[in-house]
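Here are the chains, one letter per residue:
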Amino acid sequence: MKKLLLLLFVAFNSFSQTKSLKISTPLKDSAPESAGMSSERIKRIEDMLAEAIRNENIPGATALIVKDGKIVYQKAFGYADVPNKVVMKNDHIFRIASMSKAITSTAIMMLWEQGKFTLDDPISRYIPEFKNPVVLDRFKMADSTYTTKPADKEITIRHLLTHTSGLGYGVIDGDEKMKAIYKKAGIVDLFTTNPVKIGDNIKKLAKLPLHANPGEKFIYSEGLDVLGYLIEVVSGQTFDEFLQKNLFEPMGMSDTYFYLPSAKADRLVKVHTKKDNKWVHFTDTFYDVDYPAKGAKTFYSGGAGLSSTAKDYATFLQMYVNGGEYNGKRFLSKTTIKAIMSDQLGDIWGGDKSATGHGLAFGLVKAKGEGKGGSGSEGTFDWGGYFNTAYFADPNSKIIGVLMKQTQRIGEDRTSTLFRQMVFAAVDE
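Sequence order sets the numbering: in each chain, residues are counted from 1 along the sequence as written. Reporting of local features is limited, given that this is a predicted model, to residues whose pLDDT is at least 70; pairs of side-chain atoms are given and counted only at 80 or more, and all residues count toward the totals for whole chains, interfaces and linings. Note that the side-chain values use all heavy atoms of the structure and ignore hydrogens as well as water.

(A) Region of the structure containing the overall build of the chain. When you go through the chain residue by residue, the secondary structure sums to 12 helices and 17 strands. A radius of gyration in this sense is built from C-alpha atoms; the matching globule rule multiplies 2.2 Å by the number of residues raised to 0.38. Since a compact globule built from 429 residues should have a radius of gyration of about 22 Å, the 23 Å found for the chain is in line with a globular shape. Along the longest, intermediate and shortest principal axes, the C-alpha atoms of the chain span 85 × 65 × 45 Å. When burial is assessed residue by residue, the chain has 54% of its 429 residues classed as buried. Contact definition: two residues touch when any of their heavy atoms are within 4.5 Å. A fraction of 67% describes how many contacts in the chain between residues 6 or more apart in sequence connect residues 24 or more apart. Only the protein chains shown count as cover for residues, and all accessible areas are computed by the Shrake-Rupley method using a 1.4 Å probe. Taken as a whole, the chain presents about 19100 Å² of accessible surface, with 50% of it coming from carbon and sulfur. Strands here are runs of E lasting at least two residues and helices are runs of H or I lasting at least four, both read from the DSSP assignment and numbered beginning at the N terminus. The buried label goes to any residue with under 20% of its type's maximum accessible area, the exposed label to any with over 50%, and the partly exposed label to all in between, with areas taken from a 1.4 Å probe on protein chains only.

What follows is the structure, given as structure tokens:
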């Protein structure tokens, strides 16, 4: 009798543990209605994107919608390469630029869970070149000389995650003084085919003046590049190796890279712009648009360097919607997810009066933003990329939307905004 009771106890305990895990499965195609979405309303989204292609507002796009862990819609539109008539497909690869930032932040938080550092540690504890930061005081545009004054505090890891470190973004910075300072110092801001190493770049960056004292302002910056190098310092791996082994491979993100293997290079979508009212390849810029497929392939930019597919990125987002777990593997604890999804900016963005906030990895919709409509419920997280890629995910309704495009300087393009509001309007439950 005792043996029977013991067996029953073990069986019940095993069942209870299995039930509590709530293990998710990989993303698979499913009918919209099976997840409480309306096929008729999703058709409106398809019509909107098809019209944008016909009107030549965009050259091509890939759209993907996930609901309740199911891919309820995925379709490619237009061309991946207009001049060469390469039709867009669902597995085409896009430069995701600043959509890399959330992946870098995730890697940082995985190491944080391992006790490698605290978020309020000064970055100089791990990268000594950041010791004793200074703030720009006076600047002479004629020769880019300047004076500085001591910052009132050290830059912390939290500052870097939330773009409140005071660092700038060089060539895309909104301040012409910082652009000149970064250029003179030879800072690599974004994409390069040159044999640059991220550690060398970050050590040069550490010696430059800040926009403002750490923690005072939200200034979009190279902070995530600094954190990419921090990952190398504390993990003992290259940033590329760390992401592949700890995120991409176990999550099944088989098409996400800093630099594409030669066998996949032909799947890279061309960046387009308009010239004489025709779609042409975009080349008039400060970087080589072929950086993911050519060149030295040594610079791992945590802020902007990755390329991916719509499905791979949706897989990454699904892990967050699941509360840190994907396909039976836990990447982050639920308590860590809660911290990541908490607004870190306070009054910097207007506090409770603001419609949006910023956590440790994403932009966030706040209560006021939910009330405006079209953005998702409070807690929806989002961001986009330099080449016109965008995503959002609402953990409450378990909806994910990814819209991938590759354009520059094309004028008005409202497809990302319309896509988002129409996805939420397609909920039918």
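So much for the structure itself; the text now carries on.
(B) Summary view of the packing of aromatic side chains. Aromatic pairs are defined between Phe, Tyr and Trp rings, using the six-membered ring for Trp, whenever the two ring centres lie within 6.5 Å; interplanar angles under 30 degrees are classed as stacked, those over 60 as edge-to-face, and all others as tilted. Inspection of every chain in the model, using the stated rule, returns 24 aromatic pairs. Both rings, one in Y386 and one in F387, keep their centres 5.2 Å apart while their planes meet at 85°; by these two values the pair is edge-to-face. Judged by relative accessible area, which is 0%, F387 ranks as buried. Counting every residue linked through ring pairs, the aromatic cluster contains F191, F286, Y287, Y291, Y386 and F387. The positively charged end of K85 is found above the aromatic ring belonging to Y79, 5.4 Å away from the centroid. The ring of F387 carries the charged tip of R95 above its face, separated from the ring centre by 5.9 Å. We call a charge positioned above a ring when the Lys NZ or Arg CZ atom is no farther than 6 Å from the ring centre and deviates by at most 35 degrees from the ring normal.

(C) Looking closely at the environment of T193. Inspection of the secondary structure assignment puts T193 in the loop between α5 (176-185) and α6 (198-205). The sequence separation of T193 and A296 amounts to 103 residues, and the corresponding C-alpha distance is 5.4 Å. Once you skip the residues sitting within four places of it in the chain, T193 turns out to touch D288, Y291, K294, G295 and A296.

(D) Spotlight on the packing of helix α2 (residues 39-54) against helix α12 (residues 415-425). Only the stretch in contact is used when a helix axis is fitted, and all axes are lines through C-alpha atoms; the angle between N-to-C directions ranges over 0 to 180 degrees. At a minimum axis distance of 9 Å, the contact between α2 and α12 shows a crossing angle of 170°. When the interaxial angle is binned, α2 and α12 end up roughly antiparallel. The residues of α12 that touch α2, namely those facing R41, R44, I45, M48, L49 and A52, are T415, L418, F419, M422, V423 and A425. For this classification, under 35 degrees means roughly parallel, over 145 means roughly antiparallel, 65 to 115 means roughly perpendicular, and everything else is oblique.

(E) The arrangement of the pairing of strand β2 (residues 60-67) in detail. Burial analysis of β2 places eight of its eight residues in the buried class, which makes it a mostly covered element. Of the two faces of β2, both are covered, the one formed by G60, T62, L64 and V66 as well as the one formed by A61, A63, I65 and K67. At least two bridges found by DSSP between two strands are what make those strands a pair. Strand direction decides the pairing type here: β2 and strand β17 (residues 399-404), joined by six bridges, are antiparallel. Paired with K67 across the bridge in β17 is I399.

(F) Structural detail: the pattern of salt bridges. Here, a salt bridge means any Lys or Arg side-chain nitrogen found within 4 Å of an Asp or Glu carboxyl oxygen. Under the defined criterion, the tally for this structure stands at 18 salt bridges. Ionic pairing is found between D68 and K67, a salt bridge with its closest N-O pair at 3.2 Å. The exposure class of K67 is buried, given its relative accessible area of 1%. In this structure, K67 and E429 form a salt bridge, with 2.8 Å as the shortest nitrogen-oxygen distance. Of this pair, K67 sits in strand β2 while E429 sits in the segment after α12; the two residues are 362 residues apart in sequence, bridging distant segments of the chain. When salt bridges that share partners are traced, they join D91, D255, K264 and R267 into one network.

(G) Quick look at the confidence of the model for the chain. Looking at any residue, its pLDDT shows the predictor's confidence there, from 0 to 100. When pLDDT is averaged along the chain, the result is 94, and 95% of the positions lie at 70 or above. Across residues 4-20, confidence stays below pLDDT 50; counting only partners more than four residues off in sequence or on other chains, it has zero contacts.

(H) Spatial organisation of a positive patch on the surface. Taken together, the side chains of K22, R330, K334 and K398 make up a positively charged region of the molecular surface. By the secondary structure assignment, R330 is in strand β12 (residues 329-330). Patch construction takes residues with relative accessible area above 30% that form no salt bridge. Like charges are linked within 9 Å, and nonpolar side chains (Val, Leu, Ile, Met, Phe, Trp, Tyr) are linked within 5 Å. For the purpose of charge, His is not counted, nor are the chain termini; Lys and Arg are scored as positive and Asp and Glu as negative. Charge positions come from single atoms, namely NZ of Lys, CZ of Arg, CG of Asp or CD of Glu.

(I) Spotlight on the packing of helix α3 (residues 100-113) against helix α9 (residues 310-321). Close contact between α3 and α9 brings their axes to 12 Å; oriented N to C, the two are set at 45°. Relative to α9, α3 is oriented oblique. Considering the relative orientation of α3 and α9, their crossing is left-handed. Packed against α3, whose contacting residues are A102, I103 and T106, the element α9 presents Y313, F316, M319 and Y320 at the interface. Note on convention: near helix rotated counterclockwise from far helix by under a right angle means a left-handed crossing. Clockwise means right-handed.

(J) Here's a closer look at the pairing of strand β9 (residues 278-281). With four bridges joining them, strand β8 (residues 272-275) and β9 adopt antiparallel strand pairing. In the sheet register, T273 faces β9, and the bridge partner there is V280. Count of turn residues in the β8/β9 antiparallel hairpin: two residues, of which D276 carries a positive phi of about 50°.

(K) Layout of the side chain of T192. By the secondary structure assignment, T192 is in the loop between α5 and α6. Look at T192 and you get buried, because its relative accessible area is 8%. At a separation of 2.9 Å, a polar atom in the side chain of T192 contacts the main-chain amide nitrogen of N194. Ignoring anything within four residues of it in the chain, the contact list for T192 reads Y259, Y291 and F299. What qualifies as a polar contact is a pair of N or O atoms within 3.5 Å, subject to a donor-acceptor requirement within protein and to the restriction that residues adjacent in sequence count only when both atoms come from side chains.

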